[in-house]
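A structural walkthrough
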Amino acid sequence: QVQVAESGGGLVQAGGSLTLSCTASGSTYSIAGTGWYRQFPGKQREFVAHMSSPNMGSMTNYADSVKGRFTISRGNAKNTVLLQMNDLKLEDTAVYYCYADRLGPTMTEKVWGQGTQVTVSS
């Protein structure tokens, strides 16, 4: 089993920065990649950023809406991934969910965290 937990959300002014942290625990050897989605009120979750596991090259990719502003990276703590968010905009306000892609015997499943609120104010 794999569990993920986020931290670091909060209130920030437009143009400011915030860093979210995601820590995985359990059978972390089975994780193929980790990343972030976000969800606006009344909408489906949308992809934000992804990083593959170290043995898969730590490849990153981003949604067009956050490219150049958000950076996903590994934290200093083991099994931790960070999302550095710069130049935040009002439209970045959402609940941010960390996930881990867990490799199973026949399929890959997403394991989700509980979500953390990010609110950008004017």
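On a predicted model such as this, the values are computed, not experimentally measured, just so you know.

A separate point is the environment of glycine 26. Mapped onto the secondary structure, glycine 26 falls in strand S3 (residues 18-26). The exposed category is assigned to glycine 26, whose relative accessible area is 52%. Sequence-distant contacts of glycine 26, defined by excluding residues within four places in its chain, comprise Gln1 and Gln3.

Here the focus is the nonpolar core. One recurring pattern in soluble globular proteins is that nonpolar side chains are buried together. In this structure, Trp36, Val48, Phe70, Ile72, Leu83, Met85 and Tyr96 are the most contacted members of the largest nonpolar core, which totals 29 residues. When residues of this core are traced back to their parent elements, those giving at least two are strand S1 (2-7), S3, strand S4 (31-39), strand S5 (45-52), strand S7 (70-74), strand S8 (80-85), strand S9 (94-103) and strand S11 (116-121). Every residue in contact with phenylalanine 70, bar those within four places of it in the chain, is listed here: Arg38, Val48, Tyr62, Leu83, Gln84, Met85, Asn86, Leu88, Asp92 and Tyr96.

It is worth spelling out the sheet that holds S8 at this point. Backbone-to-backbone hydrogen bonds join strands into a sheet, with any given pair of strands oriented parallel or antiparallel. Strands sit in the order S1-S3-S8-S7 across an open sheet of four strands; the sheet is antiparallel. At either margin of the open sheet sits one strand with a lone partner, and together these are S1 and S7. Shown here is a sheet whose adjacent strand axes are inclined to one another by a mean of 20 degrees, direction ignored. Here S3 runs beside S8; their pairing, made up of six bridges, is antiparallel. Residue cysteine 22 lies in a different strand from S8, and its bridge partner there is valine 81.

Turning to the state of the cysteines, a few remarks are in order. Inspection of every chain in the model, using the stated rule, returns one disulfide. Shown here is the disulfide that connects cysteine 22 with cysteine 98, its sulfur atoms set 1.7 Å apart. On the sign convention where negative means left-handed, the S-S torsion of about -70 degrees between cysteine 22 and cysteine 98 marks this disulfide as left-handed. Of this pair, cysteine 22 sits in strand S3 while cysteine 98 sits in strand S9, placing them 76 residues apart in sequence. For the residue pair cysteine 22 and cysteine 98, the accessibility class agrees, reading buried in each case.

Now for the side chain of serine 52. Mapped onto the elements, serine 52 comes out in strand S5. For serine 52, a relative accessible area of 9% gives the class buried. Side-chain polar atoms of serine 52 contact the backbone oxygen of methionine 56, separated by 3.2 Å. In terms of polar contacts, serine 52 uses its side chain to reach the backbone amide nitrogen of methionine 59, at 2.7 Å. In contact with serine 52, not counting residues within four places along its chain, are Ala32, Gly33, Gly57, Ser58, Met59 and Arg74.

Each value, and the rule that gives it
- Residues numbered from 1 in each chain as written.
- Predicted model: local features only at pLDDT ≥ 70, side-chain atom pairs only at ≥ 80, totals over all residues.
- Heavy atoms only, no water.
- Helix = DSSP H or I, 4+ residues; strand = E, 2+ residues; numbered from the N terminus.
- Buried < 20%, exposed > 50% of the residue type's maximum accessible area, 1.4 Å probe, protein only.
- Contact = heavy atoms within 4.5 Å.
- Core = buried A, V, L, I, M, F, W, Y, C linked by side-chain atoms within 4.5 Å.
- Pairing = 2+ DSSP bridges.
- Axes fitted to C-alpha atoms, helices over the stretch in contact; angles between N-to-C directions.
- Disulfide = S-S within 2.5 Å.
- Polar contact = N/O pair within 3.5 Å; in protein donor to acceptor, adjacent residues only side chain to side chain.

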